Amino acid sequence: MKMDFQEVLVYITLIAALVFLVKKYLWPKTAPGRGKSASSCGQDDCGCH
Amino acid sequence: MSNSIKVALIGNPNTGKTSVFNQLTGLKQKVGNYPGITVEKKEGICKLSNGQKAHIIDLPGTYSLNTTSLDESVVVELLLNKRNEDFPDVAVVITDIENLKRNLLLFTQIKDLKIPTLLVINMADRMVKKGITLNIKELEQKLDTRIALVSTRKGTGIEELKTSIANYSELSTEAVINASHIAPEYFERLQKTFPGEELYKLWLVITQDVNFMPLEKDRLQSSELLPTKSKAELKRLQHKETIYRYRFINNVLKETYRVDPSAAKGLRASLDRILTHKIFGYLIFVLLLLLIFQAIFDWSQIPMDFIDAQFASASEWVKNSLPPGVFTNLLAEGILAGIGGIVIFIPQIAFLFLFISLLEESGYMSRVVFLMDRLMRPFGLSGKSVVPLISGTACAIPAVMATRNIENWKERLITILVTPFTTCSARLPVYLIIIALVIPEGSVLGLSYQALTLMLLYLLGFATAILAALVLHRVLKIEGRSFFMVEMPSYKLPLLRNVIYTVVEKTKSFVVGAGKIILAISIVLWFLGSNGFSYEFKNAEEIIAERIKNEGFSTYSKAFMNDKLEEYSSGDQLSDDKDLNTGVTHSPKVSVEIKTRQLQEAAKGQEIASYRLEHSLIGNIGKSFEPLVKPLGYDWKIGIAILTSFAAREVFVATLATIYSVGNDEEETIKGRMAAEIHPDTKKPLFNLASGISLILFYAFAMQCMSTLAVVKKETNSWRWPLLQLGFMTVFAYLVSLITYQILH
């Protein structure tokens with residue numbers, strides 16, 4: 001199967017889009033903020049345990 | 001960072017800590033005349049006057065070191081743990097000139113921890129207006145510290161503050177109050193048991209509900225030498241300590257702080273009486289909402305139409321200017337159509353954030369919090385839940401994080417679970433386009449039906465949130481309520497700089513944040529819509545040509561051609577119609593024949609594109625779950641848009657824009673394409689009152705936001721709650737939309 005230049009560009013763009021979506025939703029970076037630690041808890045029943 | 005001075009900015013909520021942070025670091029963190037903006041620590045670097053660097057940490061607001069909530073404990077954790085990498089070399093306590101007495105309580109506690117402490121008195125620009133005079137020298141002497149008189153609004157006093165930070169080593173580290181007076185014997189025993197530790201630090205550790213490494217509460221309480229005290233006894237001693245501190249503060253301020261009541265204006269009190277009135281307060285709030293929504297519709301119509309038309313032209317230009325091929329099609333039909341689907345909403349989003357920013361900056365938002373607190377108490381929520389619910393109108397993610405200042409876990413959980421019902425800005429594009437399509441343009445008492453509908457949707461979101469809270473309150477059975485104290489800041493004329501900054505930043509983050517997702521989804525959708533493996537997809541042209549030959553054009557194509565021909569015959573074009581090669585003007589009959597042939601070609605092209613799309617990969621996916629969305633009045637294309645907008649609600653319009661433009665050669669706006677869409681079964685417009693309202697209600701109630709789910713998971717530390725939330729909201733949204741459509745159609 002022979003692909004022209006425009007087809008190659010389409011496939012590159014498609015792969016980039018798919019990689020972006022997979023990285024965003026399936027392997028997201030750890031969200032910034034507080035890490036889980038016992039000392040982060042405010043109350044005994046705060047739900048962190 | 002090891003050579004830089006570590007500075008912690010600490011203070012009561014709404015004293016302008018983040019404004020001081022921004023001025024010191026040159027960063028632009030969000031600020032507001034509204035308590036509870038900062039719930040996590042923020043960091044930045046400041047270059048001091050002597051060339052040294054300071055590492056500035058902006059901490060969440062806290063009224064004292066007696067913590068009750070998660071965000072407040074961030075401050076205490078830092079100040080009690082010298083091993084913490086952020087433990088400050090100097091604590092800068094920010095206070096408000098008008099609330100100095102209350103703000104100094106925290107200052108005296110921090111000073112007693114024997115940390116070098118600087119006092120910043122902010123909002124100094126209000127001193128003259130409020131008739132306040134201050135003897136700074138004497139105040140410095142009595143509080144045993146250096147004071148910087150600052151106005152972040154005017155940008156004054158910041159250089160002096162930088163100099164004081166640079167010279168922090170000259171600050172006294174002596175305690176300003178001897179807290180052991182409240183229970184001398186107990187404190188003496190405490191010190192004897194742990195001779196190497198600071199006495200006030202020991203007292204704080206023993207009275208908090210949190211463990212602070214390396215000093216652990218268990219170790220303190222299990223000591224045999226120390227007489228044990230019950231929780232109630234400790235609380236009583238804490239109250240005694242607070243009274244003792246206020247007595248000291250009163251004595252200090254009596255000699256250094258004067259307010260001339262004749263100079264102070266009573267405007268604030270009069271305004272508060274009206275704006276927080278139990279009837280007029282709510283009326284004014286509703287009127288303000290109406291004004292906002294009317295403005296969103298009226299003022300943004302022209303720029304919205306302009307942007308929509310520009311994207312349609314750009315798409316046409318790309319098709320005509322670039323070499324023909326699949327990538328050109330992807331640019332014109334996929335990327336430009338998809339991005340256009342979000343960019344057209346910039347005017348509305350900007351107006352929404354302009355109004356929110358004006359309300360926050362002026363100090364009115366705190367009055368709204370007060371009004372809502374009264375309204376929400378019967379539904380089992382305290383005023384502490386109001387801040388997240390109101391900030392949820394911008395975005396549910398920071399709103400869920402803002403629940404950290406609710407100390408009662410169940411109350412916090414309920415607020416987290418109901419916050420996504422409030423109408424966030426991501427719902428706005430869906431609401432605006434559907435309202436524009438299905439709600440007539442008339443008005444009542446000068447207010448358009450469309451603006452009223454939008455306001456009703458915002459009220460519906462809020463009402464659903466508090467009703468859901470009532471149900472959850474019954475199920476989860478909350479014991480005890482959070483203690484709620486709302487800060488009533490002074491009314492201020494909004495600073496143009498802050499307003500513009502908020503509008504630009506919020507709009508930018510809306511467009512860029514959603515834009516990246518939309519761009520990626522549009523590319524995938526275009527690919528799925530332009531490719532297929534079935535016999536029908538590959539032979540669409542022959543099949544449609546055969547069908548037209550045997551059965552004629554579809555009803556929709558016939559109507560389309562008749563309309564266009566009528567338009568052509570009645571317009572000026574007919575008399576001007578010349579042959580491009582010869583320059584001879586055609587007779588009207590010939591002109592109509594030529595136009596008819598052109599329209600037939602266009603209609604045939606549309607039918608082929610539509611047939612091909614239906615049998616493309618995306619058509620196959622959409623058709624496979626069409627039975628699920630059909631009872632709600634939707635077709636498979638809307639079904640696809642609902643599916644993709646699970647990533648983020650804004651994706652809905654962009655998805656439809658991409659799907660409708662695949663293979664379509666007509667230069668048309670998104671709104672025009674949606675209005676022209678025909679229901680495959682009823683052969684009537686797809687977006688009608690019944691399906692439109694059903695769709696709006698689906699988006700009002702469904703949990704269509706993966707980022708919010710991720711934040712809920714993080715804040716509750718479990719998948720149980722976000723999954724329950726997702727399941728409940730989706731089923732509820734589906735049922736409401738189903739019932740609505742079945743009744744209305």
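Model, not experiment: these values are computed from the prediction.

Each value, and the rule that gives it
- Residues numbered from 1 in each chain as written.
- Chains lettered and ligands numbered in written order.
- Predicted model: local features only at pLDDT ≥ 70, side-chain atom pairs only at ≥ 80, totals over all residues.
- Heavy atoms only, no water.
- Helix = DSSP H or I, 4+ residues; strand = E, 2+ residues; numbered from the N terminus.
- Buried < 20%, exposed > 50% of the residue type's maximum accessible area, 1.4 Å probe, protein only.
- Contact = heavy atoms within 4.5 Å.
- Areas by Shrake-Rupley, 256 points an atom, 1.4 Å probe, with all protein chains shown as cover.
- Expected span 1.5 Å × (residues − 1).
- Bend = angle between axes of the 7 residues up to and from the residue.
- pLDDT = per-residue confidence, 0-100.
- Salt bridge = Lys/Arg side-chain N within 4 Å of Asp/Glu carboxyl O.
- Polar contact = N/O pair within 3.5 Å; in protein donor to acceptor, adjacent residues only side chain to side chain.
- Core = buried A, V, L, I, M, F, W, Y, C linked by side-chain atoms within 4.5 Å.
- Phe/Tyr/Trp six-rings, centres within 6.5 Å; stacked < 30°, edge-to-face > 60°.
- Pairing = 2+ DSSP bridges.
- Right-handed = clockwise from strand over helix to strand, strands pointing away.
- Axes fitted to C-alpha atoms, helices over the stretch in contact; angles between N-to-C directions.
- Left-handed = near helix turned anticlockwise from the far one by under 90°.
- Patch = residues over 30% accessible without salt bridge, like charges linked within 9 Å, V, L, I, M, F, W, Y side chains within 5 Å.
- Parallel < 35°, antiparallel > 145°, perpendicular 65-115°, else oblique.

When helices and strands are counted, chain B shows 34 helices and ten strands. Counting over 745 residues, chain B shows a buried share of 55%. In chain B, the proportion of contacts linking residues at least 24 apart, taken out of those at least 6 apart, comes to 74%. Surface summary for chain B: the accessible area is close to 32,600 Å², and the carbon and sulfur share equals 59%.

As a further point, take the overall build of chain A. The secondary structure content of chain A amounts to one helix and zero strands. Sorting the 49 residues of chain A into buried and exposed places 24% on the buried side. Just so you have it, chain A exposes about 3,800 Å², and 66% of that area is on carbon and sulfur atoms.

Residues and elements named next belong to chain B. Spanning 18 residues, helix 13 (residues 326–343) covers 24 Å between terminal C-alpha atoms, matching the ideal 26 Å at 1.5 Å per step. Approximately 30° is the largest bend angle found in helix 13, and it occurs at Leu-336. In terms of burial, helix 13 is largely enclosed, as 13 of its 18 residues are buried.

Here we take up the confidence of the model for chain B. Close inspection of predicted coordinates is inappropriate in any region flagged by low pLDDT. With 89% of its residues at a pLDDT of at least 70, chain B reaches an overall mean of 83. Two summary scores accompany this predicted model of the complex, namely pTM at 0.68 and ipTM at 0.70.

Let us look at the pattern of salt bridges. All names here are of chain B. Per the counting criterion, the structure on display carries 19 salt bridges over all chains. A salt bridge links Lys-192 to Glu-188; the shortest N-O distance between them is 3.6 Å. Of this pair, Lys-192 and Glu-188 both sit in helix 7 (residues 184–193), four residues apart, which is roughly one turn of that helix. A salt bridge links Lys-508 to Glu-505; its shortest N-O distance comes to 3.5 Å. Of the two residues, Lys-508 and Glu-505 both sit in helix 21 (residues 496–530), three residues apart, roughly one turn of that helix. Lys-508 gets classed as partly exposed once you look at its relative accessible area, which sits at 46%.

Now for the side chain of Asp-58 of chain B. Among the secondary structure elements, Asp-58 of chain B is positioned in strand 3 (residues 53–58). A polar side-chain atom of Asp-58 of chain B sits 2.9 Å from a polar atom in the side chain of Thr-18 of chain B.

So, about the confidence of the model for chain A. Here chain A shows a mean pLDDT of 65. Residues at 70 or above account for 51%. A low-confidence stretch, residues 30–49 of chain A stays under pLDDT 50, and its non-local contacts, those more than four residues away or across chains, total 40 contacts.

Residue and element names in this part refer to chain B. Helix length check: helix 3 (residues 100–111), at twelve residues, gives a terminal C-alpha distance of 16 Å against a target of 16 Å (1.5 Å per residue), a fit within 8%. Taken across its twelve residues, helix 3 has ten buried, putting it largely inside the fold. Within the sequence span of helix 3, burial applies to Leu-100, Asn-103, Leu-104, Leu-105, Leu-106, Phe-107, Thr-108, Gln-109, Ile-110 and Lys-111.

Turning next to the nonpolar core. Ranked by size, the top nonpolar core spans 125 residues in total, and within it Ile-434, Leu-454, Phe-652 and Phe-687 of chain B carry the most contacts. Residues contacting Phe-652 of chain B, with those up to four places away along its chain left out, are Val-430, Ile-434, Ile-638, Ala-641, Ile-642, Ser-645, Leu-695 and Tyr-699 of chain B.

Attention shifts here to the packing of aromatic side chains. All names here are of chain B. Enumeration over the complete set of coordinates arrives at twelve aromatic pairs over all chains. Ring plane angle 35° and centroid distance 4.6 Å describe the contact between Phe-293 and Tyr-458, whose orientation is recorded as tilted. With Phe-293 in helix 12 (residues 280–321) and Tyr-458 in helix 20 (residues 449–476), this pair connects stretches of sequence that are 165 residues apart. Across the pair, Tyr-458 and Phe-293 agree in class, each one buried. Taken together, Phe-421, Phe-701, Phe-728 and Phe-732 form an aromatic cluster joined through their ring pairs.

Our focus in this paragraph is the pairing of strand 5 (residues 117–122) of chain B. Residue and element names in this part refer to chain B. Extensive coverage of strand 5 is indicated by the burial of six of its six residues. Alternating residues of strand 5 divide into Thr-117, Leu-119 and Ile-121 and Leu-118, Val-120 and Asn-122, and every residue in both groups is buried. Where strand 4 (residues 90–96) and strand 5 come together, six bridges link them in parallel fashion. Counterpart to Ala-91 in the pairing with strand 5 is Thr-117. With respect to chirality, the unit in which strand 4 leads through helix 3 into the neighbouring parallel strand 5 is right-handed. Sheet analysis places strand 5 next to strand 7 (residues 147–149), joined by three bridges and oriented parallel. Its bridge partner lying in strand 7, Val-120 is registered against Ala-148.

The alternating pattern of strand 2 (residues 42–47) of chain B places Lys-42, Gly-44 and Cys-46 of chain B on a buried face and Glu-43, Ile-45 and Lys-47 of chain B on a face that is not buried. Between strand 2 of chain B and strand 3 of chain B, which pair antiparallel and follow one another directly, the connecting turn spans five residues, one of which, Gly-51 of chain B, has a positive phi of 90°.

All names here are of chain B. Closest axis-to-axis distance for the helix 13/helix 21 pair is 9 Å, and the angle between their directions is 145°. Helix-helix and strand crossings are classified by hand; for helix 13 and helix 21 the assignment is right-handed. In this structure, helix 13 contributes Val-326, Asn-329, Leu-330, Glu-333, Gly-334, Ile-335, Gly-338, Ile-339 and Ile-342 to the contact, and helix 21 contributes Phe-510, Ala-514, Gly-515, Ile-518, Leu-519, Ser-522, Ile-523 and Trp-526.

Residue and element names in this part refer to chain A. On the surface, Met-3, Val-8, Tyr-11, Ile-12, Ile-15 and Val-19 cluster together into a nonpolar patch covering about 510 Å² of accessible area. On the secondary structure map, Tyr-11 appears in helix 1 (residues 5–25). Take Tyr-11: its relative accessible area is 32%, and that puts it in the partly exposed class.

All names here are of chain B. For the pair helix 19 (residues 427–438) and helix 32 (residues 689–701), the least separation of the axes is 10 Å and the interaxial angle reads 165°. Here helix 19 is positioned roughly antiparallel relative to helix 32, judged by the angle of their axes. Viewed along their axes, helix 19 and helix 32 form a crossing whose handedness is left-handed. For the pair helix 19 and helix 32, contact is made by Arg-427, Val-430, Tyr-431, Ile-434, Ile-435 and Val-438 and by Leu-689, Gly-692, Leu-695, Ile-696, Tyr-699 and Ala-700, respectively.

We now examine the sheet that holds strand 2 of chain B. Residue and element names in this part refer to chain B. Pairing within the open sheet is mixed, and its six strands lie in the order 2-3-1-4-5-7. Unpaired on one side and paired on the other, strand 2 and strand 7 mark the two borders of the sheet. When strand polarity is set aside, the average angle formed by the axes of neighbouring strands in this sheet is 25°. For strand 1 (residues 5–11) and strand 3, the ladder comprises five bridges, and the chain directions are parallel.

Quick look at the environment of Ser-169 of chain B now. Residues and elements named next belong to chain B. Within the element layout of this structure, Ser-169 appears in the loop between helix 6 (158–166) and helix 7. The exposed category is assigned to Ser-169, whose relative accessible area is 63%. Considered as a pair, Ser-169 and Asp-89 are 80 residues apart in the sequence and their alpha carbons are 8.6 Å apart.

A few words now on the environment of Thr-423 of chain B. All names here are of chain B. With respect to the helices and strands, the residue Thr-423 is situated in the loop between helix 18 (409–418) and helix 19. Separated by 42 residues in the primary sequence, Thr-423 and Ala-465 place their C-alpha atoms 9.9 Å from one another. Each residue touching Thr-423, except ones within four places of it in the same chain, is listed here: Gly-392, Thr-393, Tyr-431, Leu-457, Tyr-458 and Gly-461. At a separation of 3.4 Å, a polar atom in the side chain of Thr-423 contacts the main-chain carbonyl oxygen of Leu-457.

Residue and element names in this part refer to chain B. Along the polypeptide, Thr-117 turns up in strand 5. On the accessibility criterion, Thr-117 (1% relative accessible area) is buried. As a C-alpha pair, Thr-117 and Thr-173 span 56 residues in sequence and 7.6 Å in three-dimensional space. Among the polar contacts listed, one links the side chain of Thr-117 to the backbone oxygen of Ile-115, at a separation of 2.6 Å.

Residue and element names in this part refer to chain B. The phi torsion at Asp-144 lies on the positive side, around 55°, for a residue other than glycine. For Asp-144, the location among the structural elements is in the loop between helix 5 (136–143) and strand 7. Although it is not a glycine, Asn-717 sits at a positive phi angle of roughly 60°. Secondary-structure assignment places Asn-717 in the loop between helix 33 (706–716) and helix 34 (720–744).

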